[in-house]
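Close look at the chain arrangement
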Amino acid sequence: PRGAVFCYYLPLLNYFVFKDLFKGQKETLTIFRAPSASVPNKALTCFFIINILMPICNVLSYFNGQNILFSFLSTAAWIVFIVCNIKLIRAATANEQAMHDLLYNNMINRKVDEIIAQRDKD
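Residues numbered from 1 in each chain as written. Predicted model: local features only at pLDDT ≥ 70, side-chain atom pairs only at ≥ 80, totals over all residues. Heavy atoms only, no water.

1. Digging into the nonpolar core
- Phe 18, Phe 22, Leu 44, Phe 47, Phe 81 and Leu 88 are the most contacted members of the largest nonpolar core, which has 14 residues in total.
- Elements that contribute at least two residues to this core include exactly helix 2 (10-31), helix 3 (41-63) and helix 4 (68-121).
- Among the elements that make up this core, the one with the highest residue count is helix 4 (six residues).
- Residues within four places of Phe 18 in sequence aside, it is in contact with Leu 44, Phe 47, Asn 85, Leu 88 and Ile 89. (Core = buried A, V, L, I, M, F, W, Y, C linked by side-chain atoms within 4.5 Å. Buried < 20%, exposed > 50% of the residue type's maximum accessible area, 1.4 Å probe, protein only. Helix = DSSP H or I, 4+ residues; strand = E, 2+ residues; numbered from the N terminus. Contact = heavy atoms within 4.5 Å.)

Here it is in structure tokens:
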């Protein structure tokens, strides 16, 4: 039972994973002088708060005999959790796409420079 309770709070650790991911992406894109997707700080804060409230709502729903109010609160918490996850994942994917495009463009430019240099030698 303790393991199940611990695993239930793992999404709280995802907040720190997302935070470090956005920090690393922003640093990398800054090095390449590329704009990074705006990190939704509201979504990140909401994600942290909802990860605390969601288990509380679920426990209240369970101990109050599946009362409609507490079941509604639990469902609403899950919906907010999913919306926050979608926003955070979209921002992270946009940053990853920007990094991929930069690396691909650098590779293409390097190849073009090599071909032009080869033609100049001939």
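2. Some points on a nonpolar patch on the surface
- On the surface, Ile 49, Ile 52, Leu 53, Ile 56 and Leu 60 cluster together into a nonpolar patch covering about 380 Å² of accessible area.
- Tracing the backbone through its elements, the reader meets Ile 49 in helix 3.
- The exposure class assigned to Ile 49 is partly exposed, which follows from its relative accessible area of 43%. (Patch = residues over 30% accessible without salt bridge, like charges linked within 9 Å, V, L, I, M, F, W, Y side chains within 5 Å. Areas by Shrake-Rupley, 256 points an atom, 1.4 Å probe, with all protein chains shown as cover. Salt bridge = Lys/Arg side-chain N within 4 Å of Asp/Glu carboxyl O.)

3. Here we look at the confidence of the model for the chain
- Predicted confidence across the chain gives a mean pLDDT of 84, with 95% of residues reaching 70 or more.
- The least confident element of the chain is helix 1 (residues 2-8), whose mean pLDDT is 67; the most confident is helix 4, at 88. (pLDDT = per-residue confidence, 0-100.)

4. Some thoughts on the packing of helix 3 against helix 4
- The interhelical angle for the contact between helix 3 and helix 4, taken along N-to-C directions, is 155°, at an axis separation of 8 Å. With respect to helix 4, the element helix 3 is oriented roughly antiparallel. Considering how the two elements wind past one another, helix 3 and helix 4 form a crossing that is left-handed. In this structure, helix 3 uses Ala 43, Leu 44, Cys 46, Phe 47, Ile 50, Asn 51, Met 54, Cys 57, Asn 58, Leu 60 and Ser 61 to contact helix 4, whose residues at the interface are Phe 70, Ser 71, Leu 73, Ser 74, Ala 77, Trp 78, Val 80, Phe 81, Cys 84, Asn 85, Lys 87 and Leu 88. (Axes fitted to C-alpha atoms, helices over the stretch in contact; angles between N-to-C directions. Parallel < 35°, antiparallel > 145°, perpendicular 65-115°, else oblique. Left-handed = near helix turned anticlockwise from the far one by under 90°.)

5. Some remarks on helix 2
- Taking 1.5 Å of rise per residue, 22 residues should cover 32 Å, and helix 2 covers 32 Å from first to last C-alpha, within 8% of that figure.
- For helix 2, the set of buried residues is Pro 11, Tyr 15, Phe 18, Phe 22, Gln 25 and Leu 29. Considered in projection along helix 2, the buried side chains sweep an arc of 105° and stay on one side of the axis. With respect to the buried face of helix 2, the exposed residues turned more than 90 degrees away are Val 17, Asp 20, Lys 23 and Ile 31.
- With its phi angle positive at about 55°, Arg 33 sits one or two positions after the end of helix 2. (Expected span 1.5 Å × (residues − 1). Arc of directions from axis to C-beta.)

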